[in-house]
Amino acid sequence: MKVRGSVRPPGDKSISHRALMLAALAGGGGRGRTSELEGLLTGADVKSTARVLRQLGADISSIRDAKVVVHASRISHPASRLHCGNSGTTARLMLGILAGQKFAATLTGDASLRRRPMRRVTEPLRAMGAEIAERHGDSLPLTIRGGRLHGLTYTTPVASAQIKSALLLAGLTGGVAVTIREPYRSRDHTERLLAHLGLGIHERAGAIVYEPPPPAEARSVVPAFQLTVPGDASSAAFLVGAAALAQGGELVIENVGVNPTRTGFLVVLARMGARVERVNLRDAGGEPVADLVARPGALRGTEVGAAEVPTLVDEVPILAVLASRAEGETVFREVGELRVKESNRLELIAANLRALGVEAEARGNDLHVCGTTRPPRGRVDTARDHRLAMAFAVLGTVPGADVRLSERASVAISYPRFFTDLRAIRETGKGKREA
């Protein structure tokens, strides 16, 4: 297989969630309460955020690739449960927003989301003064009653952008100061967007600090804004992976967000021997953006350290797949967080690689993968996890492969047109694009 042409990944999922939420909180400024967002991800998770915000009073136009218009309104008591679908980002960040509201609301989700841990967010929100009632232990559904909050200084037990963002949003909606320290730096889209909007966010002695206006002034107001969302780095990673495994050619991946808290996978790929160049560097809404030029390369094993994991946690599935085609062994250290994603990704990555004839094993919180030149053949259980489906689909592009996915529909969560794009960038050995 060869690759050629150019492709543009969908809008960044993390930024899309946050942009919608802050637009729904807009309380004034030169453009009133109306914000305009372009390039939003149209996947199911972002639609879950839009649905929940509509239940809380925001007027949001249809989520599509073109412009989305958000008319903010005062957040109000919902008439029914807030259903977050499969989106952990929706659930955890909305808990932060609701912590500053003077009413009760119940959040729930699908079966997968109801199994994911929430106490990592609810415990610090309780420490700020929110009342949260659990029904089934550390999971949804949860009922939160916000109101008068007090400031918080908190060190997160793990590097998590969702914990950090939930607490910053609670500080924003509750009008209180928040100071957050992390063991390692997690993705910083919330901080960048708050800074872009001129809100009280800064870094002090290695901590992220949000400070509301002085008591004599009105509570911090989010201005209405216009934003173009860059392409999702995590989605781009699968296209980069396909190019790295190709037998020749060159692929241009356009308009990719290259925030350094999201591009650890590019650093690791460079160590492995992949050839990826960043060109046309620019800024969009406080986020660095570039086009990526990816070419095939002979891959070799490496070790991914614990400090790197927060910058590439969503890319471990595709990196593990690439490691299965690299010379030698690759070790991912301290990736236990993968056990509580949309699936138990840690165990499933290892099990699915073994099902395809690859030597792979989860040892404690580490993942070990040994490369092979044998064509991967067998059935993959995606557990309806979009990143597993896409990663193993990429592995299925190597010569002689026969990779059968248990399902494909899950890719709609983050990259609805993934399989169309994957087909479009491929060529047969005769130099013709595959149909």
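Attention here is on the structure that accompanies the text.

Conventions and cut-offs
- Residues numbered from 1 in each chain as written.
- Predicted model: local features only at pLDDT ≥ 70, side-chain atom pairs only at ≥ 80, totals over all residues.
- Heavy atoms only, no water.
- Core = buried A, V, L, I, M, F, W, Y, C linked by side-chain atoms within 4.5 Å.
- Buried < 20%, exposed > 50% of the residue type's maximum accessible area, 1.4 Å probe, protein only.
- Helix = DSSP H or I, 4+ residues; strand = E, 2+ residues; numbered from the N terminus.
- Contact = heavy atoms within 4.5 Å.
- Pairing = 2+ DSSP bridges.
- Axes fitted to C-alpha atoms, helices over the stretch in contact; angles between N-to-C directions.
- Expected span 1.5 Å × (residues − 1).
- Polar contact = N/O pair within 3.5 Å; in protein donor to acceptor, adjacent residues only side chain to side chain.
- Salt bridge = Lys/Arg side-chain N within 4 Å of Asp/Glu carboxyl O.

## Here we look at the nonpolar core
I253, F332, L353, L367, V369, F392 and F418 are the most contacted members of the largest nonpolar core, which has 72 residues in total. Here this core gets ten residues from one element, more than from any other, and that element is helix α7 (residues 233-245). Discounting chain neighbours no more than four positions away, the residues touching I253 are V7, P9, A236, L239, V240, A290, D291 and L292. One finds A19, V46, A50 and L168 within the second-largest nonpolar core, a separate group that totals 68 residues.

## Examining the sheet that holds strand β24 (residues 366-370)
On the basis of which strands lie adjacent, the open sheet formed by four strands has the order β21-β22-β24-β23 and mixed pairing. With one partner strand each, in any of the chains shown, β21 (303-304) and β23 (359-363) form the two edges of the open sheet. Pairing of β21 with strand β22 (residues 329-332), which is carried by two bridges, proceeds in the parallel orientation. The partner of V304 across the bridge, within β22, is F332. Of the strands in this sheet, β22 and β24 are in contact with helix α9 (residues 316-323), which crosses β24 at around 30°.

## Re helix α1 (residues 13-24)
Spanning twelve residues, α1 covers 17 Å between terminal C-alpha atoms, matching the ideal 16 Å at 1.5 Å per step. By the criterion of burial, α1 is predominantly enclosed, with twelve of the twelve residues buried. Those residues of α1 not exposed but buried are K13, S14, I15, S16, H17, R18, A19, L20, M21, L22, A23 and A24. Taking the backbone nitrogen of S14 as reference, a side-chain oxygen 2.9 Å away marks D12 as the first, capping residue of α1.

## Remarks on the pattern of salt bridges
This model, assessed by the stated rule, comprises 29 salt bridges. Each member of the salt-bridge network shares a partner with another, and the members are R187, D314, K341, R345, D385 and R387.

## Brief notes about the side chain of T156
With respect to the secondary-structure elements, T156 resides in the loop between β11 (152-155) and α5 (161-174). The exposure class of T156 is buried, given its relative accessible area of 3%. At 2.8 Å, the side chain of T156 and the backbone oxygen of V158 are in polar contact.

These values are about where atoms sit, not about what they do.
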